[in-house]
Amino acid sequence: MPPKQETNQRKMFIGQAASPGYVIAKTKLIVRQKVVVSQYKISREGTASQIDFFRKGIMQVKREISNLRDITLQAVSKKDSEIFDSHLMILQDPLLIDGVISLIRDERWNAGYAFHLKMQSLIENFENSEGILKERAQDLKDIYNRTLLCLNSSESDFALQEEIEEGGAVLTGFSIGPNMLMNFDKGKVLGLAIDSGSVTSHVSILARSMQIPAVMGLGNLSESIKSNDLLILDGTNGIVIVNPDENDINKYKKQIEVFQNQKLELFTMRDLEPITMDGKYIRLNANIERYEEASEITSFGASGVGLYRSEFLYFGRNALPTRKEQADAYSKVVNQLDPLPVTIRTLDAGGDKMLSLVNAEVESNPFMGWRSIRLCLDRKDIFRTQMKALIEAGSRGNLKIMFPMISSIGELEKAKEIYEECCAELRAEGLSITKVELGAMIEIPSAVIIIEEIAKRVDFLSIGTNDLIQFTLAVDRSNGKIASLYEPHHPAVLRSIKLVVEAAHKEGIPVSVCGEMAADPLSTLLLVGLGVDELSMSSWCIMECKKIIRSVNYDEARAISTEVLGFSDAGSINSFLKKKYSQKIKNLGISSFIIAQDFTTSDRALIKIDDEIQRIGS
Ligand code: PEP
Ligand code: MG
């Protein structure tokens, strides 16, 4: 590691505006803990993916080291930066790379353990030598630690460098997962400023639901900051200022005041109907991650829960939740909100929501791996426990169950069959069963292509645009580097949504959108115009969304969306939508709570904040 600068120099970083709000506070660094090497044998078929995983890990470490070299070159000296050149050379050494690959291929060790074996023998050789070689042993140890963290990494490898004091702190670090965030006591985490990740990473979704301002994808912020540095975190515009000057602090103090007033003003919308000027009702539901949130959703004007991400109930535990624990949690939500509908999604673990109790094996492509409904259909014990808990909760109110990541009719039929079997078993136990509506999430292109067959077999559809965009465009939703390619208004995405709406309406069933796109002002109007019946989003976005829906004419929105479907690229769709709607949205004073695609880039964000300050000042 290069020595961190001890000066309190003001520095500004730009990332993605992932959860709105402003904080001025001290920071605490999240650091990687000591690595524990996992050791297991892999199958013959698994060797290719472990080798691939190892190569990708090495590339990632090389990128990290090059970054460090560049920072050291700028901030310290050329001589100090040269140490990293020698680290890069070691990582290119065929003796090391080929040695590890042959341990994976011939001995069938997992990548992390194979690397551990090879490095231990190299380190031992160097330590037993004399002179320069002996000195190089420390370099090898540094590389060993860094690479193993990458090959062995899981959320539990990360921890805070220091305890958070009274009053809370902003957390900064390379990465944080939803599991870790959920484990902090309420009020301790005032904000997140994270090097990796993006707006649709699950930790950002969780931060929004917990109303914790967040900026993601900040590059190497955590390399240039120390625990207890003061910073301004602007989650609305994606800005972080480390060691701010007096001028910054004064500006942002005013901004915090404006934000609080805007929040209060919004509550005038709470009891108004989400209805267009010409009388079209669009149901607005809340997305929740924790069952405790259910009690708050009506105070934000929601008409029900459109997506309860049940996997969050499984996080941060030493054992999987029992049927009773789950039945209690689901029943609480359903009972509390009755007669409002509550849509609970069955376990959607995997991707960036790894459950260490279940997803033990490292996968090279976790978003497309053993996850979600696939995992549930393989681990029927887990699925059936959840299903029975859900069925029990079903008699307490208006529950709907939906299955995530459906990619084929076979998966859907199997999931429905398990529901029926569990109903029968519970009936045999003497329970009285209320049949609930079953729905499918549409978030994989294959499901869109066979949507007519799916629509015939379910009671409702819910489009998970976060994943649908990722899989349609082949753009990893949590990779900040390619965030500009993650384009909700790509014609392929919009035409997919249209196909789903048509198929649902042909079968007389409702269709909802529960991805983050539902709450982006331009997308909201576009989706309404495409005929989507319901939108589901973080509670805080609902009141602003009502404002937007109440300001438009449904017929006009339909005409605009229909015209957009004929466009061949996202750029022209965005310009057209802005021409049609931007002024209207501006007049409504919408800006503070909704994550707008528009304001995630640096220049616009900076212009926006200065405009806002000038407006307050005048
Ligand atoms: C989605 O994919 O749009 C969705 C709502 O589910 P998640 O974000 O939890 O994957
Ligand atoms: Mg999804």
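Not measured: the values here are computed from a predicted model. (Residues numbered from 1 in each chain as written. Chains lettered and ligands numbered in written order. Predicted model: local features only at pLDDT ≥ 70, side-chain atom pairs only at ≥ 80, totals over all residues. Heavy atoms only, no water.)

### A short note on the overall build of the protein chain
Then step 1. Scanning the protein chain from N- to C-terminus turns up 21 helices and 17 strands.
Then step 2. For 618 residues, the compact-globule estimate of 2.2 N^0.38 gives 25 Å, and the protein chain sits close to it at 25 Å.
Then step 3. Across its three principal directions, the C-alpha atoms of the protein chain cover 85 × 70 × 50 Å.
Then step 4. Every one of the 618 residues in the protein chain was classed for burial, and the buried ones make up 56%.
Then step 5. With an accessible surface of roughly 25,900 Å², the protein chain has 50% of that area assigned to carbon and sulfur atoms.
Then step 6. Distance between charge centroids for the protein chain: 1 Å, based on 73 positive and 83 negative side chains. (Helix = DSSP H or I, 4+ residues; strand = E, 2+ residues; numbered from the N terminus. Rg over C-alpha atoms; globule rule 2.2 N^0.38 Å. Buried < 20%, exposed > 50% of the residue type's maximum accessible area, 1.4 Å probe, protein only. Areas by Shrake-Rupley, 256 points an atom, 1.4 Å probe, with all protein chains shown as cover. Lys, Arg positive; Asp, Glu negative; His and termini not counted. Charge placed at Lys NZ, Arg CZ, Asp CG, Glu CD.)

### Concerning the pairing of strand β6 (residues 189-194)
Working note: regular strand, side chains alternate between the two faces of the sheet.
Then step 1. A large share of β6 lies buried, amounting to five of its six residues.
Then step 2. Two elements, β6 and strand β7 (residues 214-216), share two bridges in a ladder whose sense is parallel. Of the residues in β7, the one forming a bridge with A193 is V215. (Pairing = 2+ DSSP bridges.)

### Description of the layout of surface pockets
Then step 1. Computed from the structure, the second largest pocket encloses a volume of approximately 950 Å³.
Then step 2. Elements with a contribution of two residues or more to the lining of the second largest pocket: β3 (22-32), α6 (178-182), β6, α7 (202-209), α8 (246-266), α9 (323-337) and α18 (539-550).
Then step 3. Tallied by class, the residues present in the lining of the second largest pocket amount to 23 nonpolar, nine polar and 14 charged.
Then step 4. Two domains share the lining of the second largest pocket, each providing at least three of its residues, namely domain 1 (1-30 + 161-244 + 591-618) and domain 3 (273-566). (1 Å grid on protein atoms, 1.4 Å probe; cavity = no way out; pocket = protein on both sides within 12 Å on 5 of 7 lines; lining within 4 Å. Points joined across faces, edges and corners; volume = space filled by probe spheres on them. Nonpolar A, V, L, I, M, F, W, Y, C, P; charged D, E, K, R; others polar. Domains from an automatic or database assignment.)

### Observations regarding the coordination of the magnesium ion (ligand 2)
Then step 1. Taken together, the protein ligands of the magnesium ion (ligand 2) are E443 (OE) and D467 (OD), with distances of 2.0 to 2.2 Å. Here E443 is found in the loop between β14 (437-442) and α13 (445-449), whereas its partner D467 is found in helix α15 (residues 465-473), with 24 residues between them in sequence. Here E443 and D467 have matching classes, each one buried. (Donors = N, O, S within 2.8 Å, 3.2 Å for Na, K, Ca; no water.)

### Re the packing of aromatic side chains
Then step 1. Going through the model one piece at a time under the given rule, you end up with twelve aromatic pairs.
Then step 2. Here F267 and F300 contribute two aromatic rings whose centre-to-centre distance is 6.1 Å and whose plane-to-plane angle is 35°, an arrangement assigned as tilted. Of the two residues, F267 sits in the loop between α8 and β10 (283-288) while F300 sits in the loop between β10 and β11 (305-309), which places them 33 residues apart along the sequence.
Then step 3. Here the aromatic rings of F267 and W540 are separated by 5.8 Å at their centres, their planes lie at 75°, and the arrangement is edge-to-face. Of this pair, F267 sits in the loop between α8 and β10 while W540 sits in helix α18, and the two are 273 residues apart along the sequence.
Then step 4. Connected via pairs of aromatic rings, a cluster forms that spans Y22, Y252 and F259.
Then step 5. The ring of W109 is capped by K41, whose NZ or CZ atom sits 4.1 Å from the centre of that ring. (Phe/Tyr/Trp six-rings, centres within 6.5 Å; stacked < 30°, edge-to-face > 60°. Lys NZ or Arg CZ within 6 Å of the ring centre and 35° of its normal.)

### A short note on the packing of α8 against α18
Then step 1. Interaxial distance between α8 and α18 falls to 10 Å at its minimum, and their mutual angle equals 65°. It follows from the interaxial angle that α8 and α18 lie roughly perpendicular. Here α8 and α18 pass one another in a crossing that is left-handed. The segment α8 lies against α18, with K263, E265 and L266 engaging W540, M543, E544 and K547.
Then step 2. Looking at the contact of α8 with α18 residue by residue, the classes come out as three nonpolar, no polar and four charged. (Axes fitted to C-alpha atoms, helices over the stretch in contact; angles between N-to-C directions. Parallel < 35°, antiparallel > 145°, perpendicular 65-115°, else oblique. Left-handed = near helix turned anticlockwise from the far one by under 90°. Contact = heavy atoms within 4.5 Å.)

### Thoughts on the nonpolar core
Among soluble globular proteins, nonpolar side chains are generally buried collectively.
Then step 1. Among the nonpolar cores identified, the biggest contains 124 residues, and L192, F403, I454, L461 and L535 are the most heavily contacted of them.
Then step 2. The residue makeup of this core includes at least three contributed by each of domain 1 (1-30 + 161-244 + 591-618) and domain 3 (273-566).
Then step 3. Setting aside its immediate chain neighbours within four residues, I454 contacts I406, I409, L412, A440, I442, A447 and L461.
Then step 4. Counting residues in hydrophobic clusters, the runner-up holds 33 residues, among them I51, L68, L96 and W109. (Core = buried A, V, L, I, M, F, W, Y, C linked by side-chain atoms within 4.5 Å.)

### Considerations on α8
Given 3.6 residues per helical turn, the α-helix brings residues three or four places apart onto the same face.
Then step 1. For α8, which comprises 21 residues, the first-to-last C-alpha distance of 31 Å matches the rise-based estimate of 30 Å (1.5 Å per residue) to within 8%.
Then step 2. Along α8, the positions that sit buried rather than exposed are D248, Y252, Q255, V258, F259, Q262, K263 and L266. For α8, the angular spread of the buried residues around the axis is 140°, confining them to a single face. For α8, the exposed residues set more than 90 degrees away from the buried face come down to E246, E257 and L264. (Expected span 1.5 Å × (residues − 1). Arc of directions from axis to C-beta.)

### Topic: the environment of S539
Then step 1. Counting through the fold element by element, S539 comes out in helix α18.
Then step 2. For S539, a relative accessible area of 9% gives the class buried.
Then step 3. Along the backbone, S539 and L151 are 388 residues apart, and their C-alpha atoms lie at a distance of 37 Å.
Then step 4. Contacts of S539, omitting those with residues within four sequence positions, involve A286, I297 and F300.

### Re the sheet that holds β11
Within a beta sheet, neighbouring strands are joined by backbone hydrogen bonds and run either parallel or antiparallel to one another.
Then step 1. Ordered by their spatial adjacency, eight strands build a closed barrel running β10-β11-β12-β13-β14-β15-β16-β17, and the pairing between neighbours is parallel. Recorded for the sheet is a direction-independent mean angle of 25° between the axes of neighbouring strands.
Then step 2. Bridge count between strand β15 (residues 460-463) and strand β16 (residues 511-513): three bridges; the pairing is parallel. Bridging from a neighbouring strand, S462 pairs with S512 of β16.
Then step 3. Contacting β12 (342-345) and β13 (399-403), helix α11 (residues 380-394) runs over the sheet at an angle of about 155° to β13.

### As for the site of ligand 1
Then step 1. Among the 15 residues in the neighbourhood of ligand 1, the closest are listed as H202, R309, R345, N466 and R477.
Then step 2. A distance of 3.0 Å separates an oxygen atom of ligand 1 from a polar side-chain atom of D467.
Then step 3. Measuring from an oxygen atom of ligand 1, one finds a side-chain N or O atom of R477 at 2.8 Å.
Then step 4. For ligand 1, whose unbound accessible area comes to 290 Å², protein coverage reaches 100%.
Then step 5. One can see that ligand 1 is located within the largest cavity.
Then step 6. Of all the secondary structure elements, the ones that give two or more residues to the shell around ligand 1 are α7, β11 and α15.
Then step 7. A per-element tally of the shell around ligand 1 places α15 first, with three residues. (Near = heavy atom within 4 Å. Polar contact = N/O pair within 3.5 Å; in protein donor to acceptor, adjacent residues only side chain to side chain. Sits in = over half its atoms within 2 Å of the grid points.)

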